[in-house]
Amino acid sequence: MIIYKANDGKRAENIFDDEKQTVTHLQLKAGESIGEHKVDHTVVVVPYKGKIKFSGENSKEEIYPGVIVRMLPGELHSLEAVEDSDLMVIKSHLK
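Everything numeric here is computed off the predicted structure, so don't read it as measured data.

A. Layout of the pairing of strand β4 (residues 42-49). Alignment of β4 against strand β9 (residues 85-92), held across seven bridges, turns out to be antiparallel. Bridged to Thr42 within β9 is Ser92. Here β4 runs beside strand β7 (residues 69-71); their pairing, made up of three bridges, is antiparallel. Bridging across to β7, Val43 finds its partner in Met71.

Here is the structure:
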């Protein structure tokens, strides 16, 4: 077992990164957003503090602790923090 820890105070930080998976700790202040984009990985977004407006190609949802999003490679998405929010973004190459 290996333990990885995020550093508080950094807006975005990869806390684990290899050729098959990246885990990013992301902090957004209320009103901050990340514009529409896509990645070539399967992505799981796991909020653990706050609320986030999450927009995908065919839907819009508010996500918060206990509600996650899973996307396939190439899906367009964007997000905006409704409240100060912390989340983990897990990008994986799955076969």
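B. Fine view of the side chain of His25. Position of His25 among the secondary structure elements: in strand β2 (residues 21-28). Take His25: its relative accessible area is 0%, and that puts it in the buried class. Of the polar contacts made by the side chain of His25, one reaches the side chain of Tyr48; its length is 2.6 Å. Non-local contacts of His25, meaning those with residues more than four positions away in its chain, are made with Ala6, Asn7, Arg11, Ala12, Glu13, Ile15, Tyr48, Asp86, Leu87 and Met88.

C. Just the sheet that holds strand β3 (residues 33-37), in detail. The four strands are arranged β3-β8-β5-β6 in an open sheet whose pairing can be described as antiparallel. Single-partner strands in this sheet number two, and they are β3 and β6 (60-63). Adjacent strand axes in the sheet meet at a mean angle of 15 degrees when their direction is disregarded. Summarising the sheet, β3 and strand β8 (residues 77-81) pair through three bridges and their orientation is antiparallel. Its bridge partner lying in β8, Ile34 is registered against Leu79.

Parameters at a glance
Residues numbered from 1 in each chain as written. Predicted model: local features only at pLDDT ≥ 70, side-chain atom pairs only at ≥ 80, totals over all residues. Heavy atoms only, no water. Pairing = 2+ DSSP bridges. Helix = DSSP H or I, 4+ residues; strand = E, 2+ residues; numbered from the N terminus. Buried < 20%, exposed > 50% of the residue type's maximum accessible area, 1.4 Å probe, protein only. Polar contact = N/O pair within 3.5 Å; in protein donor to acceptor, adjacent residues only side chain to side chain. Contact = heavy atoms within 4.5 Å. Axes fitted to C-alpha atoms, helices over the stretch in contact; angles between N-to-C directions.

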